2 protein chains.
Amino acid sequence: MSIKNALPVYVQISEMLIRDVSAGHYLDGARLPPERQMAKELGVSVTTLRKALNDMTHKGMLEKRQGSGNYIKTNKNLASVYSFFRVELIAGGGLPTAELLALDRTVKPTHFPAFGKGNEAYRIRRLRRLNGQPAVLEEIWLDGNQSAQIRPADLSESLYLFYRKSLNLWITEAEDQLTIATVPEWSPATFDPTHGEHCLCAQRLSRSQSGAAVEFSLNWIDTNVARYVARIK
Amino acid sequence: MSIKNALPVYVQISEMLIRDVSAGHYLDGARLPPERQMAKELGVSVTTLRKALNDMTHKGMLEKRQGSGNYIKTNKNLASVYSFFRVELIAGGGLPTAELLALDRTVKPTHFPAFGKGNEAYRIRRLRRLNGQPAVLEEIWLDGNQSAQIRPADLSESLYLFYRKSLNLWITEAEDQLTIATVPEWSPATFDPTHGEHCLCAQRLSRSQSGAAVEFSLNWIDTNVARYVARIK
DNA sequence: AGGAATTTGTGCGTATGTATC
DNA sequence: AGATACATACGCACAAATTCC
């Protein structure tokens, strides 16, 4: 019988690097020291360090360039979720913006899938536009334990960026379930899908690195304006 | 100027294994020889072999079990696409079956995205069921150059399996676009979504290892019965 | 333009830990 | 408990890509 050991060294290293990036020690595109130097400083072999870096590369947090160096990707990790699931104009693309409609904190509805440990959650309602056109009505539920307080200013643009920078929360896993649903009664007049009262609805459960569910969101999509795209490679 | 060298050894090994699986030398779930033995037989180091096997694991073609062995996944590679995009009963899961409605070969509609090089394509129409309930109406377009002839018997169950076994075609990349659409006029009476005449429609463009688009499909989903699920990790 | 220095990629061999059988 | 098999970790050598002078 033996005491359970710590995590593998390469996991410790990648987690440390992720914390460093999250703390702002590395900006987007920053180059890491050469592998041999880094390994020496960390007191591990180059092989072990490389395993940590390769894992991060696979997660989309790092870009390796032979002969050049290893480069941190921060804004891009946000894209690692969006590059798989995204909403775009029917013609393709579209510049995304978001308008905060409401922000409050309430008890979680019982019929939602489990996310986080708290009884309460933040509820964020936004109208997302593509090239100025209302395209998606969004309701995000973020576990109340994640943050003492969220202010509207925090939610100006990229939520995943806010999660990572302020909450030290990296969304690395997500599942969307798509159905046809009725538009919610709090829908603003500017959001007006016209397939009767029905529209496409994506329900997303997001998980952090640890695999724990931390966020649940509902996204009503106006299919007259936009379409939902999922891609795997 | 120098002659272009061969591919890395670990790539050669994984490609060889993929060919072997494709040729039926390994059945689903088959266990590979121990790594040390395999490395010896192949004349490479265990490290190099392990890199090949790890790559295959990431591609979903192999399952590694510590202390046990390395196991081929064939039906499961089909799942590597389906594990990201899938249709399941609203209650979850459901045993999938497929009923062939029509199979013919015609010229590609001009408004489709480009796939394959031929002017003609096979058009396969199927009704997919979950636990016997009609859930998805499917129209698959496969480039005519891929195969001299397709017989209905080929299409009994898993199309991806047929692609891989008969056409030596591995689907490794796919993109779905979801909208709300009208049910096609060739819909059988048993498929009857009741959100007016509209239902959820997923349009999928699939690509092979080389990155070339080879298949385009349309999937009308009865959201009274089933839902579409996309997952990334 | 070209060559040297730098940096990552590939590959080998070995030792030890841990899970499975 | 022992044997087997994969996981982790180390160190080294050379190849290939990039960068810099």
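See above for the structure.
This text gives an overview of the structure that appears in the document. For clarity, every value in this text was computed on a predicted model and none was experimentally measured.

**Section: the relation of the copies chain A and chain B**
- Of the transformation superimposing chain A on chain B, the axial component is 0.2 Å and the angular component is 180 degrees, with the fit at an RMSD of 1.0 Å. These values place the two chain copies in the arrangement generated by a two-fold rotation axis.
- By residue overlap, the copies meet face to face through one surface: 100% of the interface positions of chain A are interface positions in chain B.

**A few points about the environment of L7(A)**
Residue and element names in this part refer to chain A.
- In this structure, L7 sits in the segment before α1 (9–22).
- C-alpha of L7 to C-alpha of F112: the two residues are 105 residues apart in sequence and 33 Å apart in space.
- When residues no more than four places from it in sequence are discounted, the contact partners of L7 are Q12 and E15.

**Focus: the side chain of D143(A)**
Residues and elements named next belong to chain A.
- Mapped onto the fold, D143 is located in strand β6 (residues 133–143).
- The class of D143 is buried, set by a relative accessible area of 2%.
- Looking at D143, its side chain comes within polar contact range of the side chain of K108, at 3.0 Å.
- Not counting the four nearest positions on each side in its chain, D143 is found in contact with K108, F115, G116, K117, G118, E120, A121, Y122 and V214.

**A look at the pattern of salt bridges**
Residue and element names in this part refer to chain A.
- In total, this model carries 30 salt bridges over all chains according to the counting rule given.
- The partner of R227 in a salt bridge is E88, with the nearest N and O atoms 3.1 Å apart. With a gap of 139 residues between them, R227 in strand β10 (residues 226–232) and E88 in strand β3 (residues 85–89) connect regions that are remote in the sequence. As far as burial versus exposure is concerned, R227 and E88 are alike and both buried.

The rules behind each value
Residues numbered from 1 in each chain as written. Chains lettered and ligands numbered in written order. Predicted model: local features only at pLDDT ≥ 70, side-chain atom pairs only at ≥ 80, totals over all residues. Heavy atoms only, no water. Least-squares fit on C-alpha atoms with pLDDT ≥ 70 in both. Contact = heavy atoms within 4.5 Å. Helix = DSSP H or I, 4+ residues; strand = E, 2+ residues; numbered from the N terminus. Buried < 20%, exposed > 50% of the residue type's maximum accessible area, 1.4 Å probe, protein only. Polar contact = N/O pair within 3.5 Å; in protein donor to acceptor, adjacent residues only side chain to side chain. Salt bridge = Lys/Arg side-chain N within 4 Å of Asp/Glu carboxyl O.

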